[in-house]
Amino acid sequence: MKMQIILLYAGQYDMTDDSGKRVQGTSVNYYFNTDLVAEDNVNGTKGTRPAKSSCEFQVMGKIKRAPALYDAEFSMSIGSDGKPVLKIIDLDYISDVQITPVPDSLFNAKQEPDQKPDKKVS
């Protein structure tokens, strides 16, 4: 499965677990929501929570910059808890992104609560 993401963070790890087994990978945080429009979710939460995933150690070599827009290829498996797990298996850099505050001058003082202000992602 392929989709665009905003990659926020990536870091490699290389350690030994409690049983002495070597564990390597790349930890990533990203947004599925690439337009970053303010969201009022049906469950009462606000905004977009970043996803967190672990992927192969070598994926770090594909990460040029962060935050940035990437085409991501995912694989899906079932975790030990029986829930589906998405794992990034490949990334292709598209462009940098810049997350900037929206100036007060762009907000209408009488804005209705259900209107969504535009946020700039370039």
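Residues numbered from 1 in each chain as written. Predicted model: local features only at pLDDT ≥ 70, side-chain atom pairs only at ≥ 80, totals over all residues. Heavy atoms only, no water.

A. Summary view of the pattern of salt bridges. Counted under the stated rule, the structure contains 6 salt bridges. With a closest N to O distance of 2.9 Å, D40 and K46 form a salt bridge. In this structure K46 comes out as exposed when scored by relative accessible area, which is 64%. Residues D96 and R65 are paired through a salt bridge, measuring 2.8 Å at the closest nitrogen-oxygen approach. Separated by 31 residues along the polypeptide, D96 in strand β5 (residues 84–96) and R65 in the loop between β3 (51–55) and β4 (68–78) bring together distant segments of the chain. One salt-bridge network, held together by shared partners, links K62, D90 and D92. (Salt bridge = Lys/Arg side-chain N within 4 Å of Asp/Glu carboxyl O. Buried < 20%, exposed > 50% of the residue type's maximum accessible area, 1.4 Å probe, protein only. Helix = DSSP H or I, 4+ residues; strand = E, 2+ residues; numbered from the N terminus.)

B. The sheet that holds strand β2 (residues 22–31), seen in detail. Read across the open sheet, the 5 strands follow the order β3-β2-β1-β4-β5; overall the sheet is antiparallel. Two strands lie at the open edges of the sheet, namely β3 and β5, each paired on one side alone. On average, each strand axis in the sheet is inclined to that of its neighbour by 35 degrees, with strand direction left out of account. Pairing between strand β1 (residues 2–16) and β4: 6 bridges, direction antiparallel. Residue pairing for β4: I6 is matched across the bridge by L69. (Pairing = 2+ DSSP bridges. Axes fitted to C-alpha atoms, helices over the stretch in contact; angles between N-to-C directions.)

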